[in-house]
Amino acid sequence: LRGFLFELGIQLGGGDEPDLLQAFSRTGTTHLLAISGLNIGIVLVLLLGAGSFLLGRKGYGYLLLPLAGIWAYALLGGFEPPVQRAAVMGTFYLAGLALGRPQSGVISLALSAVLLTLAEPTALQSVSFQLSFLAMLGGGALACATACAVGDQAEAQRTGGAGGRCALCGMR
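What comes next concerns the included structure. (Residues numbered from 1 in each chain as written. Predicted model: local features only at pLDDT ≥ 70, side-chain atom pairs only at ≥ 80, totals over all residues. Heavy atoms only, no water.)

## Focus on the overall build of the chain
At step 1: Broken down by element type, the chain carries eight helices and zero strands.
At step 2: N-terminal to C-terminal, the α/β element order of the chain is α-α-α-α-α-α-α-α.
At step 3: Per-residue burial for the chain yields a buried fraction of 30% across its 172 residues.
At step 4: Excluding contacts between residues fewer than 6 apart, the proportion of contacts in the chain whose partners are at least 24 apart in sequence is 49%.
At step 5: When the accessible surface of the chain is totalled, it reaches about 10,400 Å², and 68% of it is carbon and sulfur. (Helix = DSSP H or I, 4+ residues; strand = E, 2+ residues; numbered from the N terminus. Buried < 20%, exposed > 50% of the residue type's maximum accessible area, 1.4 Å probe, protein only. Contact = heavy atoms within 4.5 Å. Areas by Shrake-Rupley, 256 points an atom, 1.4 Å probe, with all protein chains shown as cover.)

## Regarding a nonpolar patch on the surface
At step 1: On the surface, Phe53, Leu54, Leu55 and Leu65 cluster together to form a nonpolar patch covering roughly 470 Å² of accessible area.
At step 2: Here the nonpolar patch takes three residues from helix H3 (residues 37-55), the largest share from any one element.
At step 3: Mapped onto the elements, Leu54 comes out in helix H3. (Patch = residues over 30% accessible without salt bridge, like charges linked within 9 Å, V, L, I, M, F, W, Y side chains within 5 Å. Salt bridge = Lys/Arg side-chain N within 4 Å of Asp/Glu carboxyl O.)

## Structural notes on the packing of aromatic side chains
At step 1: Per the counting criterion, the structure on display carries two aromatic pairs.
At step 2: Look at Trp71 and Phe79: their rings are 6.0 Å apart centre to centre, the planes differ by 45°, and that puts the pair in the tilted class.
At step 3: On the basis of relative accessible area, Trp71 is assigned to the partly exposed category, the value being 26%.
At step 4: On the numbers, 4.7 Å between centres and 45° between planes, the contact of Phe129 with Phe133 is tilted. Taken as a pair, Phe129 and Phe133 lie in helix H7 (residues 127-149) at a separation of four residues, close to a single helical turn.
At step 5: Of the residues examined, Phe133 reaches a relative accessible area of 10% and is grouped as buried. (Phe/Tyr/Trp six-rings, centres within 6.5 Å; stacked < 30°, edge-to-face > 60°.)

## Structural notes on the side chain of Ser112
At step 1: Locating Ser112 in the fold gives a position in helix H6 (residues 105-119).
At step 2: Overall, Ser112 belongs to the buried group, its relative accessible area being 0%.
At step 3: With residues near it in sequence (within four places) discarded, Ser112 still touches Val88, Met89, Phe92 and Phe133.

## Topic: the packing of H3 against helix H5 (residues 81-98)
At step 1: Contact geometry for H3 and H5: axes closest at 8 Å, N-to-C directions at 30°. Considering their axes alone, H3 and H5 lie roughly parallel with respect to each other. Here the hand of the crossing between H3 and H5 comes out right-handed. Only Val83, Ala86, Ala87, Gly90, Tyr93, Leu94 and Leu97 of H5 make contact with H3, whose side of the interface consists of Gly37, Ile40, Leu44 and Leu48. (Axes fitted to C-alpha atoms, helices over the stretch in contact; angles between N-to-C directions. Parallel < 35°, antiparallel > 145°, perpendicular 65-115°, else oblique. Left-handed = near helix turned anticlockwise from the far one by under 90°.)

## Focus on H5
At step 1: With 18 residues, H5 ought to run about 26 Å at 1.5 Å a step, and its terminal C-alpha atoms sit 25 Å apart, in line with that.
At step 2: Within the sequence span of H5, burial applies to Val83, Arg85, Ala86, Ala87, Val88, Met89, Gly90, Leu94, Gly96 and Leu97.
At step 3: In the segment just after H5, Gly100 is the residue with positive phi, at about 75°. (Expected span 1.5 Å × (residues − 1).)

Here it is, written out as structure tokens:
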């Protein structure tokens, strides 16, 4: 927790400490100073858990805490394109929960890609954009394949399938 708060303080405080940045660079750990999609995912999961614990899962109130949290974190962190993508993906994930369709991960990913491409048509040419979506698709495929391999059909359906079939591998 102390390291996370230190990192957050550096990011929100500007992070222009040359000695500190040089030290992180020498050790190959500069990525720890960057706000990324992973950070947004962590905020989403923590606040979704907190919202569920505090408010229960009746209604949509428990979804408002993570929704506000990911966008506040994205804005405070400088709203760089990778963070924007993660916030949009997180928003679609929360929308899927609100609509009772948490298993629509591939659809959420596709809607995010379409929305972000409509907002910035040249985004498709960005390697960062492509890698963000490939990483998310790969993570979903890995979760699905793992769940199918161990025979957990409910988990396979939850991670991407609808109608009793896994959306990624087609397994029932």
